[in-house]
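Fold and contact review
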Amino acid sequence: MPQAGVSFIVEIKEAHIMWWEFHPSRRSHSRREVYGEGYIQIPAGSAYNYGIFNRNNPFGANVRYNCTSYNGYYNGRLLAQGNQGGDPNYAKQFSEEENLKAIGDWYDYVGATAGDYVKVVFTSPTDMIIEHSCTPNEFHI
């Protein structure tokens, strides 16, 4: 479980901003096209070092995080989901549970593009702040 003060920075890729377009597994005959879905990647090292688990973990660990953005636009509850592959108990991304467009909307609001960065700072084991920057060195948090 992440402790207050730990953080990570991740480079935004096109797939993070345009999830539906880049993930063929999201497409099916039973699911309509949904543009604008987005997620925040969790680097494997951060997941392992900070204990960011998905809901399949056998430990009963927290997988939901209260999240606000530095600019105040986003305020919601993110779900740690997917798996890192090396250990299927560790999450690989954050997205809002049952609203995959929430992070995509935030990306759109801040004008995020591939090559920009997101910083995630845990303020407690269940709370976090996110911030967007065009460079990896210009964060406020």
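Above this note sits the structure.
Residues numbered from 1 in each chain as written. Predicted model: local features only at pLDDT ≥ 70, side-chain atom pairs only at ≥ 80, totals over all residues. Heavy atoms only, no water.

1. Looking at the overall build of the chain
Helix and strand content of the chain: four helices and seven strands. The secondary structure elements of the chain, listed N-terminal to C-terminal, are β-α-α-β-α-β-β-β-α-β-β. Residue pairs at least 24 apart in sequence account for 59% of intrachain contacts in the chain once pairs closer than 6 positions are excluded. As displayed, the chain offers around 7200 Å² of accessible surface, 46% of which is attributable to carbon and sulfur atoms. (Helix = DSSP H or I, 4+ residues; strand = E, 2+ residues; numbered from the N terminus. Contact = heavy atoms within 4.5 Å. Areas by Shrake-Rupley, 256 points an atom, 1.4 Å probe, with all protein chains shown as cover.)

2. Description of the sheet that holds strand 1 (residues 7-11)
In spatial order, the strands read 1-6-7-3-4-5-2; together these seven strands make up an open sheet with mixed pairing. The strands lining the two open edges of the sheet, one partner per strand, are strand 1 and strand 2 (40-41). In this structure, strand 3 (residues 64-69) lies alongside strand 4 (residues 75-81), joined through five bridges in antiparallel fashion. Paired with Asn66 across the strands is Arg77, a residue of strand 4. Here helix 4 (residues 101-110) sits on the sheet in contact with strand 2, strand 3, strand 4, strand 5 (93-96), strand 6 (117-124) and strand 7 (127-133), set at roughly 40 degrees to strand 7. (Pairing = 2+ DSSP bridges. Axes fitted to C-alpha atoms, helices over the stretch in contact; angles between N-to-C directions.)

3. Here's the deal with the nonpolar core
Counting 27 residues, the largest nonpolar core has Ile40, Ile52, Phe94, Tyr107, Val118, Met128 and Ile130 as its most contacted members. Looking at this core, the elements that each hand over two or more residues are strand 1, strand 3, strand 4, helix 4, strand 6 and strand 7. Here the element with the most residues in this core is helix 4; it accounts for four residues. Residues within four places of Val118 in sequence aside, it is in contact with Phe8, Ile9, Val10, Ile12, Ile40, Trp106, Tyr107, Ile130, Glu131 and Phe139. (Core = buried A, V, L, I, M, F, W, Y, C linked by side-chain atoms within 4.5 Å. Buried < 20%, exposed > 50% of the residue type's maximum accessible area, 1.4 Å probe, protein only.)

4. Digging into unusual backbone geometry
In the Ramachandran plot, Glu98 falls in the positive-phi region, its phi being about 65 degrees despite a non-glycine side chain. With respect to the secondary-structure elements, Glu98 resides in the loop between strand 5 and helix 4. The class of Glu98 is exposed, set by a relative accessible area of 81%.

5. Considerations on the pattern of salt bridges
Taken as a whole and assessed by the stated rule, the structure comprises three salt bridges. Between Glu97 and Arg55 there is a salt bridge, with its nearest N and O atoms 3.8 Å apart. Taken together, the residues Glu97 in the loop between strand 5 and helix 4 and Arg55 in the loop between helix 3 (44-50) and strand 3 connect sequence positions 42 residues apart. Assessed through its relative accessible area of 28%, Glu97 is described here as partly exposed. One salt-bridge network, held together by shared partners, links Arg55, Arg64 and Glu97. (Salt bridge = Lys/Arg side-chain N within 4 Å of Asp/Glu carboxyl O.)

Function-wise, these values are silent; they only describe arrangement.
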